[in-house]
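This is what each chain is made of:
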Amino acid sequence: MKHPNASPAQWALGLLFIVFTLSGFAGLIYESIWSHYLKLFLGHAGYAQTLVLAIFMGGMAIGSWLAARYSRNWRNLLLGYAVTEASIGVLALVFHEIFVTVTEAAFDNILPGVGSPAMAAAAKWILGTALILPQSVLLGMTFPLMSGGLIRRYPATPGAALATLYFTNSLGAGIGVLVAGFVMIEHLGLPGTVRAAGALNVAIAVVVALLARVAARETAPPPSPPQTRRARKALGLMLTVAALTGAASFIYEIAWIRMLTLVLGSATHSFELMLSAFILGLAFGGLWIRGRIDGIVEPRRYLGVVQIVMGFAALATLPLYGKTFELMRAAMAALARTDAGYNLFHVASHGIALLVMFPAAFCAGMTLPLITYALLKHGYGERSIGAVYATNTLGAICGVFIAAHLGLPLLGLKGTLLLGAAIDVGLGLALLWAALGASRQFAVASALAVVMFTGMLAGVELDAYRMISGVFRHGSLFTSRDARLLYYKDGRTASVSLVEFPDGLSIRTNGKSDGGVNLKGPPISDETTMTLTAALPLAIKPDARQVAVIGIGTGITTHTLLGNFELQSVDTIEIEPAMVEASRGFRPRNTAVFADPRSRIHIDDAKTYFSTHNRRYDVIISEPSNPWVSGVSNLFTVEFYRLARRRLAPDGVLVQWFQLYETEIALLASVTAALGQVFSDYVIYTANDKDLLIVAGESAVLNRPLADVFKMPGLAKELQTVHVETIGDLDVRRLGARHVLEPLLESYAAPANSDYYPYLDLNAPRLRYLRRDATDLLALNSEHSALLALFDSAPAARPSSGAGGGDFQKMDEIRKARYAAQLLLSAVPPEPENIPHSLQKDLELVRLRLVRCEEPATYDSWLHSLFQIGLATVPYLAPAEARAFWNKLAWSRCSAALPPDQRRWLTLFKAVAERDAPMMAAAGEDLLANPAGGLESAASRRYLLGVAMAGYLAQGRRSPALALWQRYEHEARVDNELGIGLRFLSAHALRAPAVENKQKK
């Protein structure tokens, strides 16, 4: 009887190709997830991607070599492949636990004792290698084992089998990186994603082990060819080509990623789209050569042509690159700022990445099948598969390091890409010479190469103005008419520029502004933020002596800190050296950063710095880039805050900058939830209308009166530069402490931002695209501030100067409120200056009724004006000012003659001004039930509901507040949405403990 495996089972072959597609899918999940994990350890996405690429490829090289060295003696390669896949899966299932254990031990015990930053960096790279190298070695064994097993079982068309394996594995990889980045991490987190990949590997192992029993029987491998000098020479040539083309391909990849980052943005999803585009090019190159490879008579000549075409395709991306900015600008103009538009933005981004990467990557996808086929054709056997794969991956490692650490810093983007193209074209010409000698084809190819390289060197320059534009963000492109480029450098981690615009200087990373200063005119909002970022913690901790600042930016934060002459040292931690060079362009505004001996700049990532320097700080200021930038969001996580807290001295404070633009309150809630897991308290301040400053520490420190930093001459000078004139100008920026704001923030149901469940990293890029903002929160510090004050334990705010309202609208509202008070109470009315006509009209009506005792024709119109004046004054006047103002109105001779229903409104505003919670509750509920004088607008009823609920909650009386909410909630909603004030109060009502009559009077 004939053995069932005597003839090839073609269905089993097809199933093995499908299985290998899934193996590639899982393999690129690992590469993507390891980048996420290692950027948590290494401190920067660029470093992590470089290390992961190097170890991933290096491990695969070792695995390929091991397979080539020893698999010849294995009788069943498919069974060996199954065992390898199972081993990969088991390691993946426990990877998260191993990573957490190793990195925590490193940060807590190993790095603090290594003695120097260089040794710390070496230790981290060694540990990073140890974490992912074993799986990488096993992954490297999979291709030689699978391809060798198939060639033994199906030897008729070895070239097609190899090309198909390259295609299926690469196709799965290209899909895997997208599914992991866009779907799995969001729903499973990093631990769940890596475990899912591990489970897939185990399933693959089971399937292959079963298929090994039904597929065609493995035949013994043919004997190795005699090791003649000619054979060794041919083998050496092909392996050299494999190594050098691998180096060139990864030089392209690193250069293209940096180039396209300036077009697509530096969010994590952008890297995933670029990586997918590159891998898909490899896949379809393998597919194209599949149907042709077994008919190629002279593989060296064919391979030489492919190498030359690949180099030319890479060169062609230089003139094409400028057009990609126009494509992105067109996409940004055409797409709506909706979730559907955001998905199409990713489609457009992927298309642009494919346009740049696909042609050369397509050629690269043909090279390994051609090289391996050439060796198989000359009798080198299955060992050549592992040897080619190993040398190619070793070359890839060299390409990664050459591009990242030599090419970009020394040659720039254009020079790095030219270097890669020169390697490929040089290889192609060498192969043509070896195959054809001094032929006409070789001469034509050489002439074309000279023309191409001469044209690119002389005729193509990358447009720096386009590269600094951040077209992915606003859809605009700069020219020399819009700005003047003062500095540009392709640094190790980012492309950094210093640009002069009409309204000031901007320091930019990868096309995104990281701070601006106007050296020739009035300050801009960034200057206010950076100055207050320094001044606020010094007002909270006036006894601070040691301060650390994460991120140099413009240098103004560090410069302002040094205006306190009591500080002993300020350590500024910056990961990119080019940022330090560029920031020198802001002098004299930041002179102290570079001139003051107390200032020290450290080129390092924050996590490593804090772990390797056993220093304690009174203040740590975290002022990184925007959290949508890949790698930045891990400075907003529970794990980072734990590390930072260990580096704080007793009663030390952490200051966290957070933006209000391109975000939403849920993301802020995710950050405060992370802070709340580490610190007992936090207080949020509004630096201006664009930025928040969150100060975390102990309640006793955070809630005492701010020290008058204006008694520090150097600091006072910097504050006055940004129109912050008095300590009251700092007091007025307080939004609230943790116990005040936490119920509201918890209502958004956002998880605490974590290294392993990166809520911020996943959502911030979408909100940047949608142009959302969290400025609703500012209403708590303006129109609702009188209600908010009932919940806060802060000392009474001192009077604000009301100056400099340009970037902080509340200051302008304070000015208008003071004008209103003076107009109604002063014998000589002030001159109106920039007072809105509507407010002026309301003031005149109220003045007629309550100051001059004249009765308008319809009293409900003046009552409406009274309501508007209440909204315009109570939140913006200091409690003493508001109390005096409303007392005088409520007890004037004119008010005594008012009908009782109109007097109730005066009583209400007087109660709010005096923070009289019982009267607020009673008057608010009364007016809700019995509207006065026809003032029954939706806005007035929402206000009354808020006043009454706040009055009850401030007394600790949750039940009546909750009853009011349940009774009037339907009136409170506008288009089914709540204003921030009522959302704040309802969150307290729904969360507060049921403590009745707590503060009865």
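Throughout what follows, the structure given in this document is the object of discussion.

**A word on the pairing of strand E11 (residues 691-697)**
- Of all seven residues that make up E11, seven are buried, and the element is covered over most of its length.
- Because side chains alternate across E11, one face comprises the buried residues Asp691, Leu693, Val695 and Gly697, and the other comprises Leu692, Ile694 and Ala696, equally buried.
- As judged from the six bridges shared by strand E9 (residues 648-659) and E11, these two strands associate in the antiparallel manner. From the neighbouring strand, Gln656 faces E11, where its bridge partner is Ile694.
- As judged from the six bridges shared by strand E10 (residues 681-686) and E11, these two strands associate in the antiparallel manner. Residue pairing across strands places Ile684 opposite Ile694, the latter belonging to E11.
- Where E10 hands over to E11, the hairpin turn is made up of four residues, counted between the paired strands.

**Focus: the layout of surface pockets**
- Considered as a void within the structure, the second largest pocket measures approximately 670 Å³ in volume.
- If you trace the second largest pocket, you find 35 residues lining it, with Asp731, Ala789, Pro795, Ala796 and Ala797 closest to the centre.
- Elements with a contribution of two residues or more to the lining of the second largest pocket: strand E12 (734-737), helix H27 (785-788), helix H28 (809-825) and helix H31 (879-890).
- For the lining of the second largest pocket, the per-class residue count stands at 22 nonpolar, three polar and ten charged.

**Some words on empty space enclosed by the protein**
- Per the counting criterion, the structure on display carries eight cavities of 30 Å³ or more.
- In this structure, the largest cavity occupies an estimated 630 Å³ of space.
- Considering the residues around the largest cavity, the lining is formed by 34 residues, among which Met57, Met60, Ser170, Leu282 and Tyr389 are closest to the centre.
- Secondary-structure elements contributing two or more residues to the lining of the largest cavity are helix H1 (10-42), helix H2 (45-70), helix H5 (117-153), helix H6 (158-214), helix H7 (229-264), helix H8 (268-290), helix H10 (339-377) and helix H11 (383-436).
- Class assignment for the residues of the lining of the largest cavity results in 19 nonpolar, 13 polar and two charged.
- By volume, the second largest cavity is sized at about 80 Å³.

**Describing the environment of Thr591**
- Structurally, the position occupied by Thr591 is in helix H18 (residues 591-595).
- Judged by relative accessible area, which is 32%, Thr591 ranks as partly exposed.
- Distance in space between the C-alpha atoms of Thr591 and Val671 is 33 Å, their sequence separation being 80 residues.
- Looking at Thr591, its side chain comes within polar contact range of the main-chain oxygen of Pro588, at 2.9 Å.

**Section: helix H34 (residues 917-929)**
- When the terminal C-alpha atoms of H34 are compared, their 18 Å separation across 13 residues agrees well with the 18 Å that a helix rising 1.5 Å per residue should span.
- Along H34, the residues classified as buried are Ala917, Met920, Ala921, Ala923, Gly924, Leu927 and Leu928.
- Where H34 is buried, its residues meet H27, helix H33 (900-913), helix H35 (938-954) and helix H36 (958-972).

**Observations concerning the packing of aromatic side chains**
- Evaluated as defined, the whole model comprises 36 aromatic pairs.
- The interplanar angle of 25° and the centroid separation of 4.9 Å between the aromatic rings of Trp886 and Phe909 together place this pair among those described as stacked. With Trp886 in helix H31 and Phe909 in helix H33, the pair connects residues that are 23 residues apart, well separated along the chain.
- Judged by relative accessible area, which is 0%, Phe909 ranks as buried.
- One aromatic cluster is present, formed by Tyr30, Trp34, Tyr37, Phe95, Phe99 and Tyr756 through successive ring pairs.
- Here the guanidinium or amino end of Arg292 rests over the ring plane of Trp288, the centre of that ring lying 3.8 Å away.
- The ring of Tyr748 carries the charged tip of Arg983 above its face, separated from the ring centre by 3.7 Å.

Cut-offs applied
- Residues numbered from 1 in each chain as written.
- Predicted model: local features only at pLDDT ≥ 70, side-chain atom pairs only at ≥ 80, totals over all residues.
- Heavy atoms only, no water.
- Buried < 20%, exposed > 50% of the residue type's maximum accessible area, 1.4 Å probe, protein only.
- Helix = DSSP H or I, 4+ residues; strand = E, 2+ residues; numbered from the N terminus.
- Pairing = 2+ DSSP bridges.
- 1 Å grid on protein atoms, 1.4 Å probe; cavity = no way out; pocket = protein on both sides within 12 Å on 5 of 7 lines; lining within 4 Å.
- Points joined across faces, edges and corners; volume = space filled by probe spheres on them.
- Nonpolar A, V, L, I, M, F, W, Y, C, P; charged D, E, K, R; others polar.
- Polar contact = N/O pair within 3.5 Å; in protein donor to acceptor, adjacent residues only side chain to side chain.
- Expected span 1.5 Å × (residues − 1).
- Contact = heavy atoms within 4.5 Å.
- Phe/Tyr/Trp six-rings, centres within 6.5 Å; stacked < 30°, edge-to-face > 60°.
- Lys NZ or Arg CZ within 6 Å of the ring centre and 35° of its normal.

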